[in-house]
Amino acid sequence: MTVSINATIAAPLDDVWAMISDFPNLRRWHPLVERCDTEGTGEGAVRTVHFADSWAAERLERLDNDQHILHYAVIDGSNPSAIGLHGAISLIAAQDGATELAWTSGVDPARPDAKALDDYLEHYYRDRIEHLRAAVGATG
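Computed from a predicted structure; not experimentally measured.

## Some details on the overall build of the chain
Consideration 1: Looking only at helices and strands, the chain features two helices and seven strands.
Consideration 2: If you list the helices and strands of the chain from N to C, you get β-α-β-β-β-β-β-β-α.
Consideration 3: Relative to the 2.2 N^0.38 estimate, which gives 14 Å for 140 residues, the radius of gyration of the chain is 14 Å and therefore close to what a compact globule would have.
Consideration 4: For the chain, the spread of C-alpha atoms along the three principal axes comes to 45 × 30 × 30 Å.
Consideration 5: Residues counted as buried form 44% of the 140 residues belonging to the chain.
Consideration 6: Here the analysis covers contacts within the chain between residues at least 6 apart in sequence; of these, 46% occur between residues at least 24 apart.
Consideration 7: Carbon together with sulfur atoms contributes 50% to the accessible area of the chain, which is approximately 7,300 Å² in total.

## Structural notes on helix H2 (residues 114-136)
Consideration 1: Here H2 spans 32 Å end to end across 23 residues, near enough to the 33 Å set by a 1.5 Å rise per residue.
Consideration 2: Elements that come into contact with the buried residues of H2 comprise strand E1 (3-9), helix H1 (13-20), strand E5 (69-77) and strand E7 (99-106).

## Focus on the sheet that holds E7
Consideration 1: With respect to topology, seven strands assemble into an open sheet ordered E1-E7-E6-E5-E4-E3-E2, the strand pairing being antiparallel. The sheet terminates laterally at E1 and strand E2 (35-39), the two strands that pair on one side only. Neighbouring strand axes in the sheet, compared pairwise and without regard to direction, differ in orientation by 20° on average.
Consideration 2: Note that E2 and strand E3 (residues 46-50) share five bridges and pair antiparallel. Bridge pairing in E3 links arginine 35 to histidine 50.
Consideration 3: Strands E1, E5 and E7 of the sheet are contacted by H2, whose axis makes an angle of about 20° with E1.

## As for the pairing of E7
Consideration 1: For E7, the tally of buried residues reaches six of eight residues, placing the bulk of the element in the interior.
Consideration 2: With seven bridges connecting them, E1 and E7 associate as antiparallel partners. Paired with threonine 8 across the bridge in E7 is glutamate 100.
Consideration 3: Between strand E6 (residues 86-93) and E7, which pair antiparallel one after the other, the connecting turn spans five residues, and aspartate 96 there sits at a positive phi close to 60°.

## Here we look at the nonpolar core
Consideration 1: Ranked by internal contacts, the top residues of the largest apolar core, which has 39 residues, are Ile20 and Tyr125.
Consideration 2: Counting only elements with at least two residues in this core, the list comes to E1, H1, strand E4 (55-64), E5, E6, E7 and H2.
Consideration 3: A per-element tally of this core places H2 first, with eight residues.
Consideration 4: Once residues within four sequence positions are removed from consideration, tyrosine 125 is found in contact with Val3, Ile5, Tyr72, Leu85, Trp103 and Ser105.

## Topic: the side chain of histidine 30
Consideration 1: Within the element layout of this structure, histidine 30 appears in the loop between H1 and E2.
Consideration 2: Among the residues examined, histidine 30 registers a relative accessible area of 3% and is labelled buried.
Consideration 3: For histidine 30, the side chain forms a polar contact with the side chain of tyrosine 124, separated by 2.7 Å.
Consideration 4: When sequence neighbours within four positions are dropped, the list of residues in contact with histidine 30 reads Phe51, Tyr124 and Arg128.

Calculation rules
- Residues numbered from 1 in each chain as written.
- Predicted model: local features only at pLDDT ≥ 70, side-chain atom pairs only at ≥ 80, totals over all residues.
- Heavy atoms only, no water.
- Helix = DSSP H or I, 4+ residues; strand = E, 2+ residues; numbered from the N terminus.
- Rg over C-alpha atoms; globule rule 2.2 N^0.38 Å.
- Buried < 20%, exposed > 50% of the residue type's maximum accessible area, 1.4 Å probe, protein only.
- Contact = heavy atoms within 4.5 Å.
- Areas by Shrake-Rupley, 256 points an atom, 1.4 Å probe, with all protein chains shown as cover.
- Expected span 1.5 Å × (residues − 1).
- Pairing = 2+ DSSP bridges.
- Axes fitted to C-alpha atoms, helices over the stretch in contact; angles between N-to-C directions.
- Core = buried A, V, L, I, M, F, W, Y, C linked by side-chain atoms within 4.5 Å.
- Polar contact = N/O pair within 3.5 Å; in protein donor to acceptor, adjacent residues only side chain to side chain.

Structure (structure tokens):
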């Protein structure tokens, strides 16, 4: 993992986890998703996420409802640089009913495109966290 973003979301852990853990329904909090098709359920399920100009197939590697951790891997897609990416989103309860989110991901750092992908993901994840905040009605 080579990118790590941490954020506080002013919403209860259970509300944030309900969004994150709903693997087939990424569209609930990711407004750029046009369609999300899922094969299977639970760990091992594969969701194919369709955007206006691209698509990605992501496999659910781990879903831990007790520890509030979700791991995924990009296994196919229209953007070859994303294939092989592994990511994890973890949540913990914070003070005042807020939630601390940690989103880490990356590809093999030896890949020639690893740095460019990391730079892209830094911005991409920050935008997605803002969308998650809006979806749970959080302001900060």
